[in-house]
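Below, each chain spelled out in residue letters.
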Amino acid sequence: MSADVVARRTAQEFALVRRIPREVTVTFSGGITQRCWSVAKGDGTYRVVYLPTAEYFSLCVESDFGPLDIGVHGPALGCFGSV
């Protein structure tokens, strides 16, 4: 499958899970928490959030305590496609 086909498919899949941004508390390494915006419905394992103070997106893993930043940052589609 060509890279172009994969990119289109990833964009289509992301469009299906996008949501109206919802404020969430994200936990970062060291136990630091920050208010962010969930921009995609989680799949039970991962969720894409926007970090307004850093002005980029993050891929978070779902935990018992809410979204946990796993260090994957950048454009929303790039974070989503990294799973």
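Rules used throughout
- Residues numbered from 1 in each chain as written.
- Predicted model: local features only at pLDDT ≥ 70, side-chain atom pairs only at ≥ 80, totals over all residues.
- Heavy atoms only, no water.
- Phe/Tyr/Trp six-rings, centres within 6.5 Å; stacked < 30°, edge-to-face > 60°.
- Helix = DSSP H or I, 4+ residues; strand = E, 2+ residues; numbered from the N terminus.
- Buried < 20%, exposed > 50% of the residue type's maximum accessible area, 1.4 Å probe, protein only.
- Polar contact = N/O pair within 3.5 Å; in protein donor to acceptor, adjacent residues only side chain to side chain.
- Contact = heavy atoms within 4.5 Å.
- Pairing = 2+ DSSP bridges.

Enquirer: Talk me through the packing of aromatic side chains; I want residue IDs and the actual numbers.
Expert: Under the defined criterion, the tally for this structure stands at two aromatic pairs. Ring geometry for F14 against F80: centres 5.1 Å apart, planes inclined by 50°, an arrangement best described as tilted. Of the two residues, F14 sits in helix α1 (residues 3-17) while F80 sits in helix α2 (residues 76-81), which places them 66 residues apart along the sequence. The class for F14 is buried, based on a relative accessible area of 10%.

Enquirer: How would you summarise the side chain of S58 if you had to cite specific residues and measurements?
Expert: Here S58 lies in strand β4 (residues 56-63). A polar atom in the side chain of S58 sits 2.5 Å from the side chain of D69. The residues touching S58, leaving out its near neighbours within four places in the chain, are R47, V48, V49, L51, D69, V72, H73 and C79.

Enquirer: Could you give an account of the pairing of strand β1 (residues 18-27), with specific residues and numbers?
Expert: Where β1 meets strand β2 (residues 33-40), seven bridges bridge the pair, whose relative direction is antiparallel. Note that in β2 the partner of R18 across the bridge is A40. Hairpin remark: β1 followed by β2, antiparallel, with five residues in the connecting loop; positive phi at G30, about 85°.

Everything listed here is a matter of coordinates, which is why it stays silent on function.
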